[in-house]
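If you want the building blocks of each chain, they are given just below.
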Amino acid sequence: MMMVLVTYDIATKDKLSAKRLRHIAKHCLNYGQRVQYSVFEIEVNPAEWTRLRAILEDIINHSTDSLRYYYLGKNWQHKVEHIGAKPVLDLNDVLLF
């Protein structure tokens, strides 16, 4: 498993762009957790990452929107520090609903 920080900026000028914004967030939530409005921590294996990346890049408008990927690798816990509100979930821990 590896950690990728996914950030995006979607130009929200109309209903179609708002739809793209929702779809990007939905797909990111399927693989990780939102840590800021347009920032997701995604923990995936290489095959899942290839699939998610293709989906995200198919959704955006390449002339008006942007995606950024920050590859934090396998030992990401030593590279991320969190201060303040919004406690971060351990994606590998047991989740009870």
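Residues numbered from 1 in each chain as written. Predicted model: local features only at pLDDT ≥ 70, side-chain atom pairs only at ≥ 80, totals over all residues. Heavy atoms only, no water.

J.: Honestly, the UniProt feature "binding site: Mg(2+)" (unreviewed entry) in the protein chain in this entry has me stumped. Any pointers?
T.: As annotated in UniProt, the feature "binding site: Mg(2+)" (unreviewed entry) corresponds to Asp9 in the numbering used here. Apart from residues no more than four positions distant in its own chain, Asp9 is found in contact with Asp65 and Ser66. (UniProt positions renumbered as here; feature names shortened; annotations may be inferred. Contact = heavy atoms within 4.5 Å.)

J.: Can you walk me through the side chain of Ser17 in this structure?
T.: Note that Ser17 resides in helix H1 (residues 15–31). With a relative accessible area of 2%, Ser17 lands in the buried category. A polar contact is formed between the side chain of Ser17 and the backbone oxygen of Ala11, at a distance of 3.1 Å. Beyond its immediate sequence surroundings of up to four residues, Ser17 is in contact with Ile10, Ala11 and Thr12. (Helix = DSSP H or I, 4+ residues; strand = E, 2+ residues; numbered from the N terminus. Buried < 20%, exposed > 50% of the residue type's maximum accessible area, 1.4 Å probe, protein only. Polar contact = N/O pair within 3.5 Å; in protein donor to acceptor, adjacent residues only side chain to side chain.)

J.: Explain the packing of H1 against helix H2 (residues 46–59) here, please?
T.: Relative orientation and spacing of two packed helices are given, respectively, by the angle between their axes and the distance between those axes. Orientation of H1 relative to H2, taken along the N-to-C sense of each, is 175 degrees, at an axis distance of 10 Å. As the angle between them shows, H1 and H2 are arranged roughly antiparallel. Along the contact surface, H1 presents Arg20, His23, Ile24, His27, Cys28 and Tyr31, while H2 presents Glu48, Arg51, Leu52, Ile55, Leu56 and Ile59. (Axes fitted to C-alpha atoms, helices over the stretch in contact; angles between N-to-C directions. Parallel < 35°, antiparallel > 145°, perpendicular 65-115°, else oblique.)

J.: Mind showing me how you'd approach the sheet that holds strand S2 (residues 32–36) here?
T.: Adjacent strands of a sheet pair through backbone hydrogen bonds, lying either parallel or antiparallel. Strand order in the open sheet made by the four strands is S2-S3-S1-S4, with antiparallel pairing throughout. Edge positions in the open sheet fall to S2 and strand S4 (66–73), since each of these has one partner strand only. Between one strand axis and the next, the sheet turns through 25 degrees on average, direction left out of account. Both S2 and strand S3 (residues 39–44) contribute to a ladder of four bridges, which runs antiparallel. (Pairing = 2+ DSSP bridges.)

J.: How should I be thinking about H2 in this particular structure?
T.: In an α-helix there are 3.6 residues to a turn, and that puts residues three or four apart on one side. Look at H2: 20 Å from first C-alpha to last across 14 residues, which is about the 20 Å you get at 1.5 Å a residue. Where H2 is buried, its residues contact strand S1 (2–9), H1, S3 and S4. In this structure Asn45 caps H2, since a side-chain oxygen of it lies 3.0 Å from the backbone nitrogen of Ala47. (Expected span 1.5 Å × (residues − 1).)

J.: Which parts of the structure should I look at to understand the packing of aromatic side chains?
T.: A ring pair, where both rings are aromatic, is described by two values, the distance of the centres and the angle of the planes. This structure, assessed with the given rule, holds three aromatic pairs. Between Trp49 and Tyr69, the ring centres sit 4.9 Å apart and the planes meet at 90 degrees, which makes this aromatic pair edge-to-face. Of this pair, Trp49 sits in helix H2 while Tyr69 is found in strand S4, placing the two residues 20 residues apart along the sequence. Under the relative-accessibility criterion, Trp49 is labelled buried at 6%. Ring plane angle 85 degrees and centroid distance 6.0 Å describe the contact between Trp49 and Tyr71, whose orientation is recorded as edge-to-face. (Phe/Tyr/Trp six-rings, centres within 6.5 Å; stacked < 30°, edge-to-face > 60°.)

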